[in-house]
Amino acid sequence: MNKRTTARLDMVLWGVLGLAMIAALYLAFVDAPRERTMGDLQRIFYFHVAAAITGMTAFGVNFAAGVAYVARRDRKWDRLALAAAETGVVFFAIVLITGPIWAKPVWMVWWTWSPRLTLSLVLCLLYIAYLLIRRYIEDPDRRAMIAAVFGIVAFVDAPLVWFSIRWWRDIHPAPMLESGGIDPAMRPAFWACVASFELLLVYLLRRRCALESMREEMERLERLAG
Amino acid sequence: MTRLWAVFRKDLAIELRTKDALNTMLFFGVVVLVVFHFALRSGDVDPRAAAPGVLWVAFAFAGTLGLNRMFAVEKENGCLEGLMMMPADRGVLYLGKMLAGTVFMLAAEAVIFVASLVFFNLTVWGELPWLGLVFLLGTLGFTAVGTLLAAIAVNTRMREVLLPVILFPVILPVLIHAVEATALILGGAGPGELKLPVAVLAAFTVVFGTIAFLLFEHVLED
């Protein structure tokens, strides 16, 4: 793909993303009915769950890119892995901030060590560790390889953390989608939020990869000049 | 197999000659026990409830020191390059280091455990075999992933400082089940209740042992 096509694609993506976000905001705040017991507070659910799903997507991308890097040793996979880890941490920061805001009035506590909460927190910690490792390795090829190895370890660890805590009882609301517990009138808002967050993820990944590739190019030129 | 044995014996020989790591691990483990006594104000809490958590925190801290030391030694004298010339799969190097790390940790754990019996006023004769099994499996899980991450940490600019930061989030499932299992044993639970944590600890060791065995060569500097 040449540069102009890429730039056009980004512009189109940006436009679609903008429209999707406005639509999602309208659906979540205006169109979706008010929840019977929690009132408007429940509306945070649309963003909270969408951010969690998108963050998990990002970490999945990080894992896949890490495996691809170990197999192929192509730096483009490393750039994608880095972009995915950073955006994943941001999405989980959203999850960890919106969660307690909802939990305090509903559960009467900011935090509880249930599997879902603990996993979100541990995922955040794991990928911050991933970013720390990257920061402290100078050589780009070694950094890419070691980061890929740690990314693989982190992603495999996630289900183990989950099941380890599952042992104790869970007070977190069960996934509504599996049980079909979500009211049909709320579904458009929910799926619009998920779709726009996933689009945002794609957009951010593309921009971050482009930025990283420019940064690498600059480093290479600096080395040539120095 | 002979090569695995050679790596294992080499690490053991270095340690037995200097006893640097082991002494530090023991001492630090006991210090952690003392610190926790005051942090928890142990006079007020049931020792059988507090001991499992405190013990495993002490083990984990001591283990982190030991793993760091095991790779720092190689780094200081450029020994890792020599080891990498060994005519064997790099995974063998991983296994040798992992087994040596496990032996050091178990040795340190034995002393820390005895100290904790004194500090917490515990009597555990009947529970000893089960405790031994849980300590062994928990330690294997810890070193399975710890050896890989120690090799990663020692290759960064931050060196040893980074290990606890990257290791503890990963090791969480091991800590959870090891603490739970220890608590069950001290609480007088039968072997039946130990099945789940013991199975999880074993599974963790196998899963991460395999991943580390496969990926270890990639984290070593070429």
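Values in this document were obtained by computation on a predicted structure and should not be read as measured data.

## A short note on the overall build of chain B
Within chain B, the regular secondary structure consists of 8 helices and 0 strands. Helices and strands in chain B line up, N terminus first, as α-α-α-α-α-α-α-α. For chain B, whose C-alpha radius of gyration is 18 Å, the value lies close to the compact-globule estimate of 17 Å for 222 residues. In chain B, the proportion of contacts linking residues at least 24 apart, taken out of those at least 6 apart, comes to 85%.

## Focus: the overall build of chain A
Counting secondary structure elements, chain A contains 7 helices and 0 strands. Going from the N terminus to the C terminus, chain A shows its helices and strands as α-α-α-α-α-α-α. Each of the three principal axes of chain A carries a C-alpha extent, and together these read 65 × 45 × 25 Å. Taken across its 226 residues, chain A has 36% of its residues classed as buried. Considering only intrachain contacts with a sequence separation of at least 6, the fraction spanning at least 24 residues in chain A is 79%.

## Notes on the interface of chain B and chain A
Contacts between the two partners involve 23 residues from chain B, matched on the other side by 24 residues from chain A. Listed by contribution, the elements that provide at least two residues to the side of chain B that touches chain A are α6 (128-154), α7 (162-186) and α8 (195-219) of chain B. The biggest single contributor to the side of chain B that touches chain A is α7 of chain B, with 9 residues. Residues belonging to the side of chain B that touches chain A are distributed by class as follows: 17 nonpolar, 4 polar and 2 charged.

## Regarding the nonpolar core
Of all hydrophobic cores here, the largest spans 131 residues; its most connected members are Cys193 of chain A together with Ile152 of chain B. Excluding residues within four positions of it along the chain, isoleucine 152 of chain B makes contact with Ile133, Ile146, Val149 and Phe150 of chain A together with Ile166 and Val219 of chain B.

## Concerning the environment of alanine 147 of chain A
Residue placement: alanine 147 of chain A occurs in helix α5 (residues 140-166). Taking the C-alpha atoms as reference points, alanine 147 of chain A and arginine 43 of chain A, 104 residues apart in sequence, are found 37 Å from one another.

## Describing helix α1 (residues 2-18) of chain B
Residue and element names in this part refer to chain B. Taking 1.5 Å of rise per residue, 17 residues should cover 24 Å, and α1 covers 24 Å from first to last C-alpha, within 8% of that figure. The set of residues buried in α1 consists of Val7, Phe8, Asp11 and Glu15. Projected onto a plane normal to the axis of α1, the buried residues spread over an arc of 95° and lie on a single side. The exposed residues of α1 that point more than 90 degrees off its buried face are Thr2, Trp5, Arg9, Ala13, Leu16 and Arg17. Close packing links the buried residues of α1 with α2 (20-39), α3 (47-76) and α5 (90-120). Among the residues trailing α1, lysine 19 stands out with phi positive, at a value near 55°.

## What about the confidence of the model for chain B?
Averaged over all residues, the pLDDT of chain B is 88; the fraction at 70 or higher stands at 99%. Within chain B, the element-level pLDDT minimum falls on helix α4 (residues 79-84) of chain B, averaging 78, and the maximum on α6 of chain B, averaging 94.

## Section: the confidence of the model for chain A
Averaged over every residue, the pLDDT of chain A is 88; the share at 70 or more is 93%. Averaged pLDDT values over the elements of chain A bottom out at 50 in helix α6 (residues 176-179) of chain A and peak at 95 in helix α2 (residues 44-72) of chain A.

## Remarks on α8 of chain B
Each turn of an α-helix holds 3.6 residues, which means side chains three or four residues apart point in the same direction. Its 25 residues place the ends of α8 of chain B 35 Å apart at the C-alpha level, agreeing with the 36 Å of an ideal helix rising 1.5 Å per residue. A bend of about 40° at phenylalanine 213 of chain B is the largest found in α8 of chain B. Every buried residue belonging to α8 of chain B is among Pro197, Val200, Leu201, Phe204, Thr205, Phe208, Gly209, Ala212, Leu215, Phe216 and Val219 of chain B, and all of these are buried. Buried residues along α8 of chain B sit in contact with α5 of chain A together with α5, α6 and α7 of chain B.

## Examining the packing of α2 of chain B against α3 of chain B
Residues and elements named next belong to chain B. Where α2 contacts α3, the axes come no closer than 9 Å and their chain directions differ by 155°. Put simply, α2 runs roughly antiparallel to α3. The two elements α2 and α3 cross, and the hand of that crossing is right-handed. On α3, the residues that touch Asp20, Ala21, Thr24, Met25, Phe28, Gly29, Val32, Leu33 and Phe36 of α2 are Val54, Val57, Ala58, Phe61, Ala62, Leu65, Gly66, Arg69 and Met70. For the contact of α2 with α3, the residue count by class is 13 nonpolar, 3 polar and 2 charged.

## Looking at the packing of α2 of chain A against α5 of chain A
Residues and elements named next belong to chain A. Close contact between α2 and α5 brings their axes to 8 Å; oriented N to C, the two are set at 130°. As summarised for this structure, α2 and α5 are arranged oblique, according to the angle between their axes. Where α2 crosses over α5, the handedness of that crossing is left-handed. Seen from α2, the contacting residues are Phe59, Asn62, Phe63, Gly66, Val67, Tyr69 and Val70; seen from α5, they are Ala144, Ala148, Gly151, Ile152 and Phe155. Grouping the amino acids of the contact of α2 with α5 by side-chain chemistry returns 9 nonpolar, 3 polar and no charged.

## Here we look at the environment of tyrosine 127 of chain A
Residue and element names in this part refer to chain A. Looking at the element boundaries, tyrosine 127 is found in helix α4 (residues 115-135). Exposure remark for tyrosine 127: the 26 C-beta atoms within 10 Å place this residue in the buried category. Tyrosine 127 sits 96 residues away from aspartate 31 along the chain, and the two C-alpha atoms are 36 Å apart. For tyrosine 127, the residues in contact, after removing those within four places along its chain, are Phe59, Ala85, Gly88, Val89 and Ala154.

## Brief notes about the environment of glutamate 74 of chain B
Residue and element names in this part refer to chain B. Position of glutamate 74 relative to the elements: it lies in helix α3. Given 20 C-beta atoms within a 10 Å radius, glutamate 74 is considered buried. C-alpha of glutamate 74 to C-alpha of valine 154: the two residues are 80 residues apart in sequence and 9.7 Å apart in space. What glutamate 74 contacts, discounting residues up to four positions off in sequence, is Cys79, Leu80 and Leu83.

Rules and cut-offs
Residues numbered from 1 in each chain as written. Chains lettered and ligands numbered in written order. Predicted model: local features only at pLDDT ≥ 70, side-chain atom pairs only at ≥ 80, totals over all residues. Helix = DSSP H or I, 4+ residues; strand = E, 2+ residues; numbered from the N terminus. Rg over C-alpha atoms; globule rule 2.2 N^0.38 Å. Contact = placed C-beta atoms within 7 Å. Buried ≥ 20, exposed ≤ 12 C-beta atoms within 10 Å, placed from the backbone. Nonpolar A, V, L, I, M, F, W, Y, C, P; charged D, E, K, R; others polar. Core = buried A, V, L, I, M, F, W, Y, C linked by C-beta atoms within 7 Å. Expected span 1.5 Å × (residues − 1). Arc of directions from axis to C-beta. pLDDT = per-residue confidence, 0-100. Bend = angle between axes of the 7 residues up to and from the residue. Axes fitted to C-alpha atoms, helices over the stretch in contact; angles between N-to-C directions. Parallel < 35°, antiparallel > 145°, perpendicular 65-115°, else oblique. Left-handed = near helix turned anticlockwise from the far one by under 90°.

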